[in-house]
Amino acid sequence: MTQPTSGNHKGVIFSGMRPTGLLHLGNYMGALQNWVTLQQDYNCIYCAVDIHALTTVESPDETESIKPNIGDMVLDWLAAGVDPEKSIVFVQSHVPEVMTLHTLLSMVTPLGWLTRVPTFKDKVRQMHETEETVNYGLVGYPVLQTADIILYKADTVPVGQDQVPHIELSREIVRRFNNLFGETFPEPQAKLTEAPLLVGLDGQNKMSKTLDNHLDLAATPEETTKRVLTAFTDPERVRREIPGRPEVCNIYSLHKIFSSAKATQTVYEECTTAQRGCVDCKRHIADSINDYLKELRERREDFKARPGYVQEILHEGGKKARAIAKETMAEVYEKMGLG
Ligand code: TRP
Ligand code: SF4
């Protein structure tokens, strides 16, 4: 069960996203689109990781938003083409076995491995905490992530570059577990997307909701155009008559992804000769993006209009996930001398 082959020897993919609500174009290009494609060659399991979301809550309204955020996010998944007939789509907390496995894996995870992880250090700093005051749950974040993956004996984990240290840690935990208790879990392998990193409307940072430089997948075409019109372009092009420099302009990078090769060529020529203004250029890229997202948005509206549709899918997904989880946990109990 390691190679993506045909027939019944497909590899098992697991991936998860924290339920932060509506997804944006960066999430789509960086992860979601890949999730959809991987369904052809793997058995895929996609999870809304609501317990992970609790590692960083700071106020009650954040917990209140978890459920609606799951609904919004999963609608985006389905609209993008995550197919519940092919893949298991579920909510992390619907499979309580993951918390049992998390506890058991914590017995084979040295604390130093966890406090060394760069994402941990970043989070502690961001939350204005110290390693003394930070929640135990946040320290154990990668242990829970490991439990997510290996509970389903997944061997392949599509993630972004930032998550590679977590998957490395998962491999070390698995190695230790297998050494101590006998060969039980495959060592999961990170699978990076080749997708280009999408820069946000500020023209500087990776597209992100926190920086508010993003374009929501579920926005209307009008909203998308309005936001694109606020984007930064070549900062030296302060007047229409000054020729632009497409190579430093994020709108041009977006044309390269979302407009045709021919249109992109035209943008280059007209920009560098000052025949095209930035406002027109932005309207043009907004149209390309809206075209690109048209079908996704139609499907989303469709699914959204069906009462209880998302809940039903998550309910079914939860059942399938729990069935696998129960088998794995029986094996784990046996190997660890429990039960
Ligand atoms: N930590 C991941 C993130 O922040 C989310 C996640 C939780 C995940 N469990 C996972 C990703 C298991 C892949 C596999 O993006
Ligand atoms: Fe950027 Fe287009 Fe303006 Fe050129 S014309 S600087 S590519 S927005």
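Small disclaimer: the values here were computed from a predicted structure and weren't measured.

Visitor: Please clarify how the pairing of strand β1 (residues 11-17) should be interpreted in this entry.
Guide: Regular strands have side chains that alternate between both faces of the sheet. With six of seven residues buried, β1 lies mostly within the body of the structure. Where β1 and strand β2 (residues 42-48) come together, seven bridges link them in parallel fashion. Within β2, the residue paired with G11 across the bridge is Y42.

Visitor: Can you help me understand the pattern of salt bridges in this one?
Guide: For side chains bearing opposite charge, pairing can occur when the charged atoms are close. By the definition in use, this model includes 15 salt bridges. The shortest N-O distance in the salt bridge between E131 and K121 comes to 3.6 Å. Of this pair, E131 sits in the loop between α7 (118-126) and α8 (136-139) while K121 sits in helix α7, placing them ten residues apart in sequence. Take E131: its relative accessible area is 44%, and that puts it in the partly exposed class. In this structure K121 comes out as partly exposed when scored by relative accessible area, which is 36%.

Visitor: Would you take a moment to explain the domain arrangement of the protein for this structure?
Guide: In many analyses, interface size is given as the accessible surface area lost on bringing the parts together. Domain assignment breaks the protein into domain 1 (11-197 + 308-336) and domain 2 (221-298). Centre-to-centre separation of domain 1 and domain 2, based on C-alpha positions: 36 Å. Taken together, the contact between domain 1 and domain 2 spans seven residues of the former and six residues of the latter. When domain 1 packs against domain 2, close to 550 Å² is buried across both sides, 81% of that on carbon and sulfur atoms. The largest per-residue losses of area from domain 1 upon contact with domain 2 belong to L25, M29 and A79, which jointly make up 64% of the total buried on that side. The tally of links from domain 1 across to domain 2 stands at zero salt bridges. Seen at the junction of domain 1 and domain 2, the total is one residue pair in polar contact (both at pLDDT 80 or more). Elements supplying a minimum of two residues to the side of domain 1 that touches domain 2: α1 (25-38) and α4 (66-80). Ranked by the residues each element gives to the side of domain 1 that touches domain 2, the list is headed by α1, at four residues.

Visitor: Explanation requested: the site of ligand 2 in the structure shown.
Guide: Close contacts around ligand 2 come from T233, D234, R237, C249, I251, Y252, C271, R276, C278 and C281, and that covers them all. Those elements giving two or more residues to the shell around ligand 2 turn out to be α12 (250-258) and α14 (278-305). Tallied by class, the residues present in the shell around ligand 2 amount to six nonpolar, one polar and three charged.

Visitor: Explain the site of ligand 1 to me, please; I cannot follow it from the model alone.
Guide: As a structural note, the neighbourhood of ligand 1 is formed by 13 residues, with R18, Y141, Q145, D148 and Q163 the closest of them. Taking R18, its side chain carries an N or O atom lying 3.0 Å from an oxygen atom of ligand 1. Taking 370 Å² as the accessible area of ligand 1 by itself, protein coverage stands at 91%. Of all elements in the fold, only β1, α9 (141-151) and β4 (156-159) reach the threshold of two or more residues within the shell around ligand 1. Its residues placed into classes, the shell around ligand 1 shows six nonpolar, five polar and two charged.

Reading the values: rules and limits
Residues numbered from 1 in each chain as written. Chains lettered and ligands numbered in written order. Predicted model: local features only at pLDDT ≥ 70, side-chain atom pairs only at ≥ 80, totals over all residues. Heavy atoms only, no water. Buried < 20%, exposed > 50% of the residue type's maximum accessible area, 1.4 Å probe, protein only. Helix = DSSP H or I, 4+ residues; strand = E, 2+ residues; numbered from the N terminus. Pairing = 2+ DSSP bridges. Salt bridge = Lys/Arg side-chain N within 4 Å of Asp/Glu carboxyl O. Domains from an automatic or database assignment. Contact = heavy atoms within 4.5 Å. Buried area = accessible area lost by both parts, 1.4 Å probe. Polar contact = N/O pair within 3.5 Å; in protein donor to acceptor, adjacent residues only side chain to side chain. Near = heavy atom within 4 Å. Nonpolar A, V, L, I, M, F, W, Y, C, P; charged D, E, K, R; others polar. Areas by Shrake-Rupley, 256 points an atom, 1.4 Å probe, with all protein chains shown as cover.

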